[in-house]
Amino acid sequence: MEISPTQPGSIPQQDRALREAARELEANFLAEMLKSAKVGETPEGFGGGEGENQFASFMRLEQARQMTEGGGIGLAESLFHALKERIND
């Protein structure tokens, strides 16, 4: 992969891709945490069946993505730096 020269202040394409991958991984991690916390589940008496459970997972993932975009828990930043170091070795 060839990285084109960049102007000062611009982010190389590889860094953008790494950062996006790290954010998506943090979002998926947070979505699993939200699932464990039973966020989005409906009480037994009002359940909409398996379809509702599937759509609840979409809602949790989107909530987790928003949490990550808002700063998250710092996992994405740590992953980004770890991946960047591995690439530069």
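Parameters at a glance
- Residues numbered from 1 in each chain as written.
- Predicted model: local features only at pLDDT ≥ 70, side-chain atom pairs only at ≥ 80, totals over all residues.
- Heavy atoms only, no water.
- Axes fitted to C-alpha atoms, helices over the stretch in contact; angles between N-to-C directions.
- Helix = DSSP H or I, 4+ residues; strand = E, 2+ residues; numbered from the N terminus.
- Parallel < 35°, antiparallel > 145°, perpendicular 65-115°, else oblique.
- Left-handed = near helix turned anticlockwise from the far one by under 90°.
- Contact = heavy atoms within 4.5 Å.
- Nonpolar A, V, L, I, M, F, W, Y, C, P; charged D, E, K, R; others polar.
- Buried < 20%, exposed > 50% of the residue type's maximum accessible area, 1.4 Å probe, protein only.
- pLDDT = per-residue confidence, 0-100.

Asks: Summarise the packing of helix H1 (residues 13-36) against helix H3 (residues 75-88); cite the residues concerned and give the values.
Replies: Each packed pair of helices is defined by two parameters, the angle between the axes and the distance between the axes. Between H1 and H3, the least distance of the axes is 8 Å, while the angle of their chain directions is 140°. On the basis of the axis angle, H1 is oblique to H3. H1 and H3 meet at a crossing whose hand is right-handed. Taking contact as the criterion, the partners of Gln 14, Asp 15, Leu 18, Arg 19, Ala 22, Arg 23, Leu 25, Glu 26 and Phe 29 in H1 are, on H3, Leu 75, Ala 76, Glu 77, Leu 79, Phe 80, Leu 83, Lys 84 and Ile 87. Of the residues in the contact of H1 with H3, the class split is 10 nonpolar, one polar and six charged.

Asks: Describe the environment of Arg 16, listing the residues and the values that go with them.
Replies: Examined against the element boundaries, Arg 16 turns out to sit in helix H1. Judged by relative accessible area, Arg 16 falls into the partly exposed class, the value being 45%. Taking the C-alpha atoms as reference points, Arg 16 and Phe 80, 64 residues apart in sequence, are found 9.7 Å from one another.

Asks: Run through the confidence of the model for the chain, naming residues and quoting values.
Replies: Low-pLDDT portions of the prediction should not be read for the details of their coordinates. Summarising the model, the chain shows a mean pLDDT of 83, and 82% of its residues fall at 70 or more. The secondary-structure element of the chain with the lowest mean pLDDT is helix H2 (residues 50-69), recorded at 88, while H1 shows the highest, at 94. Within the model, the stretch residues 1-6 combines pLDDT values under 50 with four contacts to residues more than four positions away or in other chains.

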